[in-house]
Each structure stands twice: as C-alpha cells, then as structure tokens.
Amino acid sequence: MSAGDDPAPLGFGNRFTSHMVVARWTTEKGWGPAGLTGHRPLELPPTAMALHYGQAIFEGLKAYAAADGTLALFRPWFNAERFARSAARLAMPELPPQVFVAACETLARADADEVPRGQGQSLYLRPFMIAVEPNLGVRPSREYLFAVVASPVDHFFAGGGEAIDVWCPDGLIRAAPGGTGAAKCAGNYAGSLATKAEALANGCQEVLWLDALEHRWIEELGAMNFFCAVRTPDGETQLVTPALSDTILAGNIRDSLLRLAAGLGHRVTERPVALAELTADDSRVTEAFACGTAASVVPIGAIRTPRGRTLVGDGRPGKLTAALRDELAAVQYGRQHDAHGWMHPVPGVSLAPSP
Ligand SMILES: *Cc1c(COP(=O)(O)O)cnc(C)c1O
C-alpha cells in the first residue's frame, strides 16, 4: 500500500514501523551488540533508574526517499555526535558514533518498504538511551539501554507552509546557564509542557523561550531553533540566529540553514536577538522562522505575550524563509545536487523509483 492510498493522515509520531534496534550497556561489559528485533514493548524493572531520576536522552533524524529509489539519512553523524555530548552531560556512557549511525542504517534498511513517499513525508528515526539499572540511589546508573524506533511521518504541522503564532511566557524558562539546555534530554521537555499547554490555550502553536537571567533575549522554541531576517539601514537583508550556548540546543537544521544561506550569498550573523527587536514599532525584522528536523522550516507570523500580539513583518511567510525551506527540501529529497555531502544513502536499499 502506498501512503497516498491511506485515507487517514500519518501525522507525526503516531505510527511505528515493524522493527527496532536494541543494545545494552553495563559497567562490566560496556556495549553489547546492537540487534534488530520486532517493534515491541520493553520489559523494565519498576526501579529502572530512568523512571525516577530522568537519565534519558534522545535524538531525531529522518530518512528521505528520493525519486530515483535511494533512501538516505540526513547528516546522521551530526546527530550521533550530539547524542554523545548529551550522554556525557547526563553521566551516561558514550555510544560510539559509528554504532549510532550503523543502528540507524540497520533500522532504515529493515523498514525501507514502510517509508512513506508522499509530498513532505519521510521516516523519522528516534534513537534514545535510558538508565535501566534497578536501583533507587541517586547516582549514575550502571546499566543502560539504547534503542532506535521509527515512525512514518508527514510534515509536523498540519497545513504545511502556513505561519504560526508563538507564545512568549512571563517568568517560566526552558534552560539556565550551567543547566542541561544544550543536551537533548527528556527532562527538558517535561519542564516545558505546562508552558506548551499555555501556548495552545492562547492560540499559539509553540513556545518562544527567552533567556533565564534577563528574560530579554530570544533563545529558541520548544524543539526548534529560531531565525529572523533583519533589514539593515543600508537596505540589505541579514539572516540572524542566536549564537549557540549551553542554553540552546545545537540543531542540525540550524547548522544546515546557516550553510545553505551563506552558499546562496546571504549574509548570516550569529548574535543575541532581543524580543524587543521584533516587537518594537520600528522593528527592522521582516521575517522570522523556526527550524528543526521534525518540522523543517516553519514561518512565524506573530508573537504573543500576556500583553498582546505583534505581527512579524506582514504576518505572512517570508520570501527568504520559503527559499531556505525549498532549498533544504530539494537536497533532502534528492532533487538537487548535494553540494555539502549531507545525504547518507542507506547501504543495500533500492526502492522503486517514483514518477
Ligand atoms: C531537537 C531540538 C532542536 C532542533 O534540532 P534539529 O537537529 O535541527 O532537529 C532545537 N531545539 C531543541 C530544544 C530541540 O530539542
């Protein structure tokens, strides 16, 4: 069955493929083999340490089917290396990046015929690691489980390229200097969900987080990085994103867009962006967007705070935003030469070419 015959939309993260990859680590033996099994429930002791103290990290990357029948992962080494950094921050063992990439290849190959091939669709891979030692002591676990599961997905936001409203809360923060904001760890998301619910209740789709110390500087969204286009006094348009720090997650798409934009001849700047730079009456910000693996590039049409709503530019998706989204998609779906060598073909897979 092709995805196009299916009446119910795939959505994001609702369905899972047939297989998963699992490996275990112990202090005595290190990593055991990463084996392919059917996708099924994990058996865990109720005292598995991840359930109590939150030693849990994850990644998200996609496999894209190209018209010529290749199936390719987008920059999997980027995710593998970030996974190792997240592990180190949470006192978890490093999974060698080559094991991470091989596990993703194994799963994508096993479930290649479950990769959806409609417009904007892909196979989302979710590698994760959790502490599984049965113990209630507050210390690093001595046993871990690494697994990769996969989900056939649509574009993250129903409605595709429409602009979203984002919610800037008073008071609450996502990450503080010295904390875990730069690690892709489960607890960061748990701490953000009440604010996400507040965003939805206020007509917004996502939270735009400000810095913890001054509550003034834009950091990022709940699971996406932030960019804006700024018109300089000499009439040039610059692409701007906050510089990375220990309170911002180093996104794969963020890094890729910085490179794509520079390659297209745009001026790109990593510098602090104050919320007031977007909400001021004489704002020079003409476009803003969020970006990440799940949703790709999402235009931000307006910013809402408890004090009101401000349009970004004219509130509609901007030209630069659309150009970058199209450029990225063209590389990911194999419609354009992969000048940066980002696409990582899954060895041993050839799908039927699509028209
Ligand atoms: C995953 C994530 C991103 C985006 O990272 P990508 O590698 O581009 O998918 C940005 N911010 C946060 C907080 C995230 O969890």
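Structure: above.
These numbers come from a predicted model, not from an experiment. (Residues numbered from 1 in each chain as written. Predicted model: local features only at pLDDT ≥ 70, side-chain atom pairs only at ≥ 80, totals over all residues. Heavy atoms only, no water.)

### Description of the site of the ligand
Inference 1: Inspection of the region around the ligand gives 15 residues, with Lys184, Tyr189, Glu220, Asn252 and Thr293 positioned closest.
Inference 2: Tyr189 places a side-chain nitrogen or oxygen 2.3 Å from an oxygen atom of the ligand.
Inference 3: Here an oxygen atom of the ligand sits 2.9 Å away from a polar atom, N or O, in the main chain of Ile253.
Inference 4: Alone, the ligand offers 380 Å² of accessible surface; in the complex the protein occludes 97% of this.
Inference 5: Along the lines of polarity and charge, the residues of the shell around the ligand split into 5 nonpolar, 6 polar and 4 charged. (Near = heavy atom within 4 Å. Polar contact = N/O pair within 3.5 Å; in protein donor to acceptor, adjacent residues only side chain to side chain. Areas by Shrake-Rupley, 256 points an atom, 1.4 Å probe, with all protein chains shown as cover. Nonpolar A, V, L, I, M, F, W, Y, C, P; charged D, E, K, R; others polar.)

### Focus: helix α6 (residues 252–263)
Inference 1: For α6, spanning 12 residues, the distance from its first C-alpha to its last is 17 Å, which sits close to the expected 16 Å at 1.5 Å a residue.
Inference 2: Taken across its 12 residues, α6 has 9 buried, putting it largely inside the fold.
Inference 3: Taken together, the buried positions of α6 are occupied by Asn252, Ile253, Arg254, Asp255, Ser256, Leu257, Leu258, Leu260 and Ala261.
Inference 4: Trailing α6 by a residue or two, Gly265 shows a phi angle of about 90°, which is positive. (Helix = DSSP H or I, 4+ residues; strand = E, 2+ residues; numbered from the N terminus. Expected span 1.5 Å × (residues − 1). Buried < 20%, exposed > 50% of the residue type's maximum accessible area, 1.4 Å probe, protein only.)

### Concerning unusual backbone geometry
Inference 1: One non-glycine residue, Ala91, lies in positive phi territory at about 55°.
Inference 2: Relative accessible area serves as the criterion here: at 41%, Ala91 is assigned to the partly exposed category.
Inference 3: With phi around 50°, His215 is a residue other than glycine that occupies positive phi space.
Inference 4: Here His215 shows up in the loop between β10 (206–210) and β11 (218–221).

### Quick notes on the nonpolar core
Inference 1: Grouped together as the largest cluster of nonpolar side chains are 49 residues, with contacts concentrated most on Ile57, Leu71, Phe100, Leu125, Met129, Phe146 and Val148.
Inference 2: In this structure, Phe226, Val273, Val285 and Ala290 belong to the second largest nonpolar core, which totals 24 residues. (Core = buried A, V, L, I, M, F, W, Y, C linked by side-chain atoms within 4.5 Å.)

### Focus on the packing of α6 against helix α8 (residues 319–332)
Inference 1: Where α6 meets α8, the axes come as close as 10 Å, and the angle between the chain directions of the two elements is 105°. Overall, the two elements α6 and α8 adopt an arrangement that is roughly perpendicular. Contacts between α6 and α8 pair Ile253, Ser256, Leu257, Leu260 and Ala261 from the former with Leu324, Glu327, Leu328 and Gln332 from the latter.
Inference 2: Of the residues belonging to the contact of α6 with α8, the class tally is 6 nonpolar, 2 polar and 1 charged. (Axes fitted to C-alpha atoms, helices over the stretch in contact; angles between N-to-C directions. Parallel < 35°, antiparallel > 145°, perpendicular 65-115°, else oblique. Contact = heavy atoms within 4.5 Å.)

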